[in-house]
Amino acid sequence: METLYHQTNKHIQEVQSLMGNLERTDRQSVHLLENDLQARTDQIFNHLERLEILASKEPPNRRQNAKLRVDQLKYDVQHLRTALQNFQHRRYAREAQDREREELMTRTFTTNDADTSIPIDETLQHNSNLHNAHRGMDDLLGSGSSILNGIRDQRSTLKGTHKKMLDVANMLGLSNTVMRLIERRATQDKLIMIGGMLLTCIFMFLVIRYLG
């Protein structure tokens, strides 16, 4: 298990390093880098599935620690996948806006019979403002999606960690008072997480309603 664990951790670090190159890569090559990152993250998830099986077969005195280490790797790669998806969403939106702007710039404007000219400069400015507003919306939605994904990941991790803490506590023979304190803290974390999700949803709804 140790060999596969260190190999998977190394792959995660390599993906983190490559993610920093996304913003600096030219448009003609960025999709190749995205495909490479996607393939690497898929391979990491395959390794994590094997690690989960191996961790469950560890001796009882090492099993809990092994599962916690695997959960940490899974948490890291889930955030990397979310970051990659958000980058792709922003890139698709920028490319669509560039195509629309190019079509607008190459469109032929003519005057009608009443010699009423089309205010091209004003139209272009208005179109540019609309594009900027849509881009801001896309960024807000992307950020909101990232926050919600992060909250879901943290909830899953907290639930798994809470269960493991209870198992470890039972093994160590902790008192009922300590057990109740642990459960109370887990409940508080859950309420905070739900409140954060509701606030995020309300914020996104207000943004879509008043800026859309």
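In the annotation of an unreviewed UniProt entry, the entry for the protein reads Golgi SNAP receptor complex member 2, and the organism field reads Pleuronectes platessa. According to UniProt, the comment filed for the protein under the heading Sequence similarities (unreviewed entry) is "Belongs to the GOSR2 family." Listed under Function (unreviewed entry) in UniProt, the entry text for the protein is "Involved in transport of proteins from the cis/medial-Golgi to the trans-Golgi network."

J.: Whenever I open this one, the overall build of the protein confuses me. Can you help?
T.: If you tally the helices and strands in the protein, you get 5 helices and 0 strands. Start at the N end of the protein and walk to the C end: the helices and strands fall as α-α-α-α-α. Buried positions account for 27% of the 212 residues belonging to the protein. The contacts of the protein with a sequence gap of at least 6 include a subset with a gap of at least 24, amounting to 74%. Element-wise, carbon and sulfur atoms account for 54% of the exposed surface of the protein, whose accessible area totals about 14,300 Å².

J.: Even after reading the chapter, I still don't get the side chain of E34, so can you show me in this structure?
T.: You can see E34 is positioned in helix α2 (residues 27-56). Other than its neighbours up to four places away in sequence, E34 contacts L22, L84, F87, Q88 and R91.

J.: For this particular structure, what's the right way to read the packing of aromatic side chains?
T.: Each aromatic ring pair is summarised here by two numbers: the centre-to-centre distance and the angle between the ring planes. The full count for this structure, using the stated rule, is 0 aromatic pairs. A cation sits over an aromatic face here: R69 above Y5, 4.0 Å from the ring centre.

J.: I tried to follow the packing of helix α1 (residues 2-19) against helix α3 (residues 60-106) on my own but got confused; where do I start?
T.: Helices that pack against each other are described as a pair by the angle of their axes relative to one another and the distance between those axes. With their axes 11 Å apart at the nearest point, α1 and α3 run at an angle of 25° to one another. Here α3 runs roughly parallel to α1, going by the angle between their axes. Where α1 crosses over α3, the two elements pack in a sense that is left-handed. Listed contacts from α3 to E2, Y5, T8, N9, I12, V15, Q16 and M19 of α1 are R69, L73, D76, V77, L80, A83 and L84. When its residues are assigned to classes, the contact of α1 with α3 shows 9 nonpolar, 3 polar and 3 charged.

J.: Is there a simple way to think about the pattern of salt bridges in this case?
T.: Side chains that differ in charge, positive against negative, can pair when their charged atoms come close. Summed over the entire model, instances satisfying the criterion amount to 9 salt bridges. Residues R40 and D36 are paired through a salt bridge, measuring 3.0 Å at the closest nitrogen-oxygen approach. With R40 and D36 both in helix α2, this residue pair falls 4 residues apart, about one helical turn. Residue classification places R40 among the partly exposed residues on the basis of a relative accessible area of 28%.

Here is what the cut-offs are and how they apply
Residues numbered from 1 in each chain as written. Predicted model: local features only at pLDDT ≥ 70, side-chain atom pairs only at ≥ 80, totals over all residues. Heavy atoms only, no water. UniProt positions renumbered as here; feature names shortened; annotations may be inferred. Helix = DSSP H or I, 4+ residues; strand = E, 2+ residues; numbered from the N terminus. Buried < 20%, exposed > 50% of the residue type's maximum accessible area, 1.4 Å probe, protein only. Contact = heavy atoms within 4.5 Å. Areas by Shrake-Rupley, 256 points an atom, 1.4 Å probe, with all protein chains shown as cover. Phe/Tyr/Trp six-rings, centres within 6.5 Å; stacked < 30°, edge-to-face > 60°. Lys NZ or Arg CZ within 6 Å of the ring centre and 35° of its normal. Axes fitted to C-alpha atoms, helices over the stretch in contact; angles between N-to-C directions. Parallel < 35°, antiparallel > 145°, perpendicular 65-115°, else oblique. Left-handed = near helix turned anticlockwise from the far one by under 90°. Nonpolar A, V, L, I, M, F, W, Y, C, P; charged D, E, K, R; others polar. Salt bridge = Lys/Arg side-chain N within 4 Å of Asp/Glu carboxyl O.

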